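Summary of the model geometry
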2 protein chains.
Amino acid sequence: MKVALFLEEAGLEYEAIPIDTKLGDQHTPTFRAINPNGKVPALTDGDAVIFDSNAILLYLAERTGKFLPRPDAGSAARAELLSWLMFVATGVGPYSGQCVHFRLFAPERLAYPIKRYDFEARRHWQIVDDRLAGTGHMVGGTYSIVDMAVWGWAPRIPFMLGDEAAMAEFPHIARLMAEIDARPAAARARAIETRHPFKGDFDEAAMRNLYPQIFAPDPATARAR
Amino acid sequence: MKVALFLEEAGLEYEAIPIDTKLGDQHTPTFRAINPNGKVPALTDGDAVIFDSNAILLYLAERTGKFLPRPDAGSAARAELLSWLMFVATGVGPYSGQCVHFRLFAPERLAYPIKRYDFEARRHWQIVDDRLAGTGHMVGGTYSIVDMAVWGWAPRIPFMLGDEAAMAEFPHIARLMAEIDARPAAARARAIETRHPFKGDFDEAAMRNLYPQIFAPDPATARAR
């Protein structure tokens, strides 16, 4: 969704190709030749091949010069951009993903992993909220790819924390999300999925495609303990 | 360690300031003003402030023009660099970290989280090994910051997988690590910690500083289930 948002904001022409992860489209040799990690999104642009949503945002911002405050190599602004983009990419995203997995999709509801990832997801979102309390945006005092990266996960905060009222804890995130949601590009990005309906069922085949480790044999070390 | 490796490889002057995470140095207001995420490493460079090890590698490579193959914006080489750097930053690092946590530091040895992260860590390392089987390096056919990023985690593969012989499964990673380890810059990077001894005990105070969620109250949703 954040890549779609950038493409729409920048007015770039693109073709959206649906990869239905519940059906295992991400595991085909054709898709693995583009992204060996077997995850969406991925992008091809002439002879360039890019995967990982945050890598794609940075690539497109550099390519177009848009939504990237002062991209001078070695500047304080570049340092700020790279630090916060990586904070979202390596912290907010992974911990939010683990929080969703253990709260909703793991074979059992295990108290300690739920507690660990609830704590870490909240801690990361609080840092984002504190950051936005300053100038209203993640970097450079203006709308950038780092705000777009936050928009990719933040609407799922109530879902990941298992609390419909959770956005009330993060008023600055809620405000920025409302601002982005009101932009015509966001509506156009959301409309893509209505043109490409995916198989919706979370059946066992989908679980095998999404979480293969559930069905894998136990590792030797876990067996030995 | 990977930031120290870059600084030594590039011959940059720097001052290493020890942040003893077991003593909680990462949680002081002074350090939080540099990195609000309370993690090491962080770097200041004139008026630039950078945190997250991979953000620092990219910042320094752009600043110096070193260990960064053809950094042209919008090029296929830039796409390749950003994709693989993000793969290491958002996949290899986080999943390796969770694998270590559940195998060694969580309050209980829980079978499913150990299995999930053993599977995901191995899957990521296999992708790295397959990648290195090609031209011997992660991107551009030459030694770059992405190889340095891999070097930051790969020596801990036996530790994280709980298997002293685990490197035998990843011969191309083992070869690259041996190549990097043989470089004088790697020896100089490793020597830094001998000049800055840290408190070595994993006592309860250290656990509270490193894994505060263990001591946090249960989240409401976990209690309700």
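Residues numbered from 1 in each chain as written. Chains lettered and ligands numbered in written order. Predicted model: local features only at pLDDT ≥ 70, side-chain atom pairs only at ≥ 80, totals over all residues. Heavy atoms only, no water.

**Thoughts on the domain arrangement of chain A**
Residues and elements named next belong to chain A. Taken as a whole, chain A is organised into domain 1 (1-66 + 184-216) and domain 2 (70-182). On a C-alpha basis, the centroid separation for the pair domain 1 and domain 2 is 20 Å. Counting the surface lost from both domain 1 and domain 2, the interface buries some 1,500 Å², and carbon and sulfur atoms represent 72% of this. Counting across the domain 1 and domain 2 interface gives two salt bridges. Residues Asp181 and Arg190 are paired through a salt bridge, measuring 3.1 Å at the closest nitrogen-oxygen approach. Here domain 1 is connected to domain 2 by three residue pairs in polar contact (both at pLDDT 80 or more). (Domains from an automatic or database assignment. Buried area = accessible area lost by both parts, 1.4 Å probe. Salt bridge = Lys/Arg side-chain N within 4 Å of Asp/Glu carboxyl O. Polar contact = N/O pair within 3.5 Å; in protein donor to acceptor, adjacent residues only side chain to side chain.)

**Remarks on the interface of chain B and chain A**
Each partner contributes residues to the interface: chain B has 65 residues there, and chain A has 65 residues. Buried surface at the junction of chain B and chain A, both sides included, amounts to about 5,500 Å², of which 63% is carbon and sulfur. Summed over the three residues of chain B that lose the most area to chain A, namely Met86(B), Tyr112(B) and Lys115(B), the buried surface amounts to 13% of that side. For the pair chain B and chain A, the number of links is four salt bridges. Note that Glu62(A) is salt-bridged to Arg78(B), the shortest N-O span being 2.7 Å. Run the count over chain B and chain A and you get 27 residue pairs in polar contact (both at pLDDT 80 or more). Put simply, the parts of the chain that give the side of chain B that touches chain A at least two residues each are β2 (48-51), α3 (53-64), α4 (76-105), α5 (111-135) and α11 (220-224) of chain B. When residues in the side of chain B that touches chain A are grouped by element, the largest group, 18 residues, is from α4(B). Across the side of chain B that touches chain A, the residue classes tally to 37 nonpolar, 12 polar and 16 charged. (Contact = heavy atoms within 4.5 Å. Helix = DSSP H or I, 4+ residues; strand = E, 2+ residues; numbered from the N terminus. Nonpolar A, V, L, I, M, F, W, Y, C, P; charged D, E, K, R; others polar.)

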